[in-house]
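Summary of structural features
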Amino acid sequence: MDNITYAYLETTNYCNLDCSFCNRTDVIGELQHMPLYKWETLLDGIKHHPIEEAKLMGMGEPMLHPHFDHICRMFKETFPKSKLIVATNCQYNIKEGLEFRKKFQECMKYIDVLYFSIDGWDESYERDRAPAKWNKLIKFLKDFETINRYDCDVVVNYVVNAYNVDDIEKVDKLRQENNLGMLRLNIAQIWDENTKMSDDLATSGYSREQLDYLKDTWGDNIMGRSKWDFEDCFWVKNGLYTTVEGDVKMCCMNTGAKPFGNLFENSIDEIRMVDSYQEVKKGCGDNKPTSHCKNCSYKELVPILEYLGV
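Because the structure is predicted, anything quoted here is derived from the model rather than measured.

1. Let's talk about the overall build of the protein
A tally of regular secondary structure across the protein gives 13 helices and 9 strands. At 19 Å, the protein has a C-alpha radius of gyration in line with the 19 Å of a compact globule built from 310 residues. For the protein, the C-alpha atoms occupy an extent of roughly 50 × 50 × 35 Å along the three principal directions. The 310 residues of the protein split such that 52% are buried. Contacts spanning at least 24 positions in sequence make up 76% of the contacts within the protein whose residues lie at least 6 apart. Carbon and sulfur atoms make up 47% of the accessible area of the protein, which amounts to about 14300 Å² in all. Taking the average place of the 38 positive charges on the side chains of the protein and the average place of its 51 negative ones, the gap between the two points comes to 2 Å.

And the structure:
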């Protein structure tokens, strides 16, 4: 059995936003934060795998977990050599004196890379990340100036769609003004197995002029791989995706899929050996994907990434 080297672990499905490119309302169950005793159980159940990189995120805003500082600490105690990555929408208050700020500051001790999710400028930002407010983001960045970053690399994560291409330069200037790390551009994808990127103008309606602009001006900032096929999928070999309930799914590209099992009921190694899991793995390995992967947005993304020279 292949080792798990990459984990995508959801500890809360609470969120303060309703982003245009997120399908959380279609796939989440009852709102909940994972209790710390269950988090300990989950970590104990996967600690025999050499996880090199983990993202503590999913269908919720990670920082809304009331004990997210303990979540981060416990992960690092279990996997001290693993790179810990967290993404946040910055739509909360971290001013001096607040308990939330204390929790946020404590998290910084354990997080290796923190993504500030900033997609678009002002009106387009508020449109795609409703009900986010631009002035709330600016206030957050101002208060963040006095946060101790420790050794955490704080970067900007920008989801590019056909409607916010022109805002990239302004957000990059904002990044520089706030002494943040690199600008990561992610071409927008769709996480719904029943929807194709081509069905949505935001993810497929780029003009040739926009694509050329992205390629010529921002090529070095665009994330992803254009040389990719199903046989290259790392999720089926070395990845782990879990929900706040402990359900195991194949990847974050198909969040609505039926889980293969639950980590609080069976071991991860048992779950990865069930027939349904192995069928998806074999389909990708043979480059003959099953219905589970029929609308893989990463596969759909390949022609765009090829054009962009990624």
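Now that the structure is up, let's keep going.
2. Notes on the pattern of salt bridges
In the structure shown here, the tally under the stated rule is 15 salt bridges. Close ionic contact of Asp-229 with Lys-299 constitutes a salt bridge, the shortest N to O distance being 3.0 Å. A residue pair is termed long-range when its members are at least 10 positions apart, and Asp-229 in the loop between helix H9 (208-218) and helix H10 (235-238) and Lys-299 in helix H13 (residues 297-308) qualify at 70 residues. What makes Asp-229 partly exposed here is its relative accessible area of 22%.

3. Overview of the nonpolar core
Among the nonpolar cores identified, the biggest contains 97 residues, and Trp-39, Phe-104, Leu-114, Phe-116 and Phe-144 are the most heavily contacted of them. With 6 residues, H13 is the single largest residue contributor to this core. The contacts of Phe-104, once residues within four sequence positions are left out, are Met-63, Tyr-92, Ile-94, Leu-114, Phe-140, Phe-144 and Ile-147.

4. Some details on the pairing of strand E2 (residues 53-56)
Judged from the 4 bridges that link them, strand E1 (residues 6-9) and E2 form a sheet pairing that is parallel. Bridge pairing in E2 links Tyr-6 to Glu-53. Pairing geometry for E2 and strand E3 (residues 83-88), over 3 bridges, is parallel. The residue bridging Lys-55 from the neighbouring strand is Ile-85, located in E3. Traced from E2 through helix H3 (residues 68-78) to E3, the parallel crossover comes out right-handed.

5. Points about the state of the cysteines
Here the structure, examined in full by the defined rule, presents 0 disulfides. Cys-22 takes part in no disulfide bond, and the closest cysteine sulfur, belonging to Cys-19, lies 6.2 Å away. The closest cysteine sulfur to the non-disulfide-bonded Cys-284 is located on Cys-293, 3.9 Å from its own sulfur. You can call Cys-284 buried: its relative accessible area is 1%.

6. Remarks on the packing of H9 against H13
Contact geometry for H9 and H13: axes closest at 9 Å, N-to-C directions at 60°. The orientation of H9 with respect to H13, classified from their angle, is oblique. Taken together, the residues of H13 that come into contact with H9 (itself represented by Arg-208, Leu-211, Asp-212, Leu-214 and Lys-215) are Ile-304, Tyr-307 and Leu-308. Per-class residue counts for the contact of H9 with H13 are 5 nonpolar, no polar and 3 charged.

7. Looking at unusual backbone geometry
In this chain, Ala-130 is followed by Pro-131 through a cis amide linkage whose omega measures 0°. Here Pro-131 lies in the loop between helix H5 (123-128) and helix H6 (134-144). Non-glycine residue Asn-179 carries a positive phi angle of around 55°. With respect to the helices and strands, the residue Asn-179 is situated in the loop between helix H7 (168-177) and strand E6 (183-187). Judged by relative accessible area, Asn-179 falls into the exposed class, the value being 58%.

8. So, the packing of aromatic side chains
All told, the structure shown has 19 aromatic pairs when counted by the stated rule. On the numbers, 5.4 Å between centres and 85° between planes, the contact of Tyr-6 with Trp-235 is edge-to-face. Of this pair, Tyr-6 sits in strand E1 while Trp-235 sits in helix H10, and the two are 229 residues apart along the sequence. Grouping residues by exposure puts Tyr-6 and Trp-235 together as buried. On the numbers, 6.2 Å between centres and 10° between planes, the contact of Phe-140 with Phe-144 is stacked. Residue Phe-140 and its partner Phe-144 are located together in helix H6, separated by 4 residues, close to a single helical turn.

Here is what the cut-offs are and how they apply
Residues numbered from 1 in each chain as written. Predicted model: local features only at pLDDT ≥ 70, side-chain atom pairs only at ≥ 80, totals over all residues. Heavy atoms only, no water. Helix = DSSP H or I, 4+ residues; strand = E, 2+ residues; numbered from the N terminus. Rg over C-alpha atoms; globule rule 2.2 N^0.38 Å. Buried < 20%, exposed > 50% of the residue type's maximum accessible area, 1.4 Å probe, protein only. Contact = heavy atoms within 4.5 Å. Areas by Shrake-Rupley, 256 points an atom, 1.4 Å probe, with all protein chains shown as cover. Lys, Arg positive; Asp, Glu negative; His and termini not counted. Charge placed at Lys NZ, Arg CZ, Asp CG, Glu CD. Salt bridge = Lys/Arg side-chain N within 4 Å of Asp/Glu carboxyl O. Core = buried A, V, L, I, M, F, W, Y, C linked by side-chain atoms within 4.5 Å. Pairing = 2+ DSSP bridges. Right-handed = clockwise from strand over helix to strand, strands pointing away. Disulfide = S-S within 2.5 Å. Axes fitted to C-alpha atoms, helices over the stretch in contact; angles between N-to-C directions. Parallel < 35°, antiparallel > 145°, perpendicular 65-115°, else oblique. Nonpolar A, V, L, I, M, F, W, Y, C, P; charged D, E, K, R; others polar. Phe/Tyr/Trp six-rings, centres within 6.5 Å; stacked < 30°, edge-to-face > 60°.

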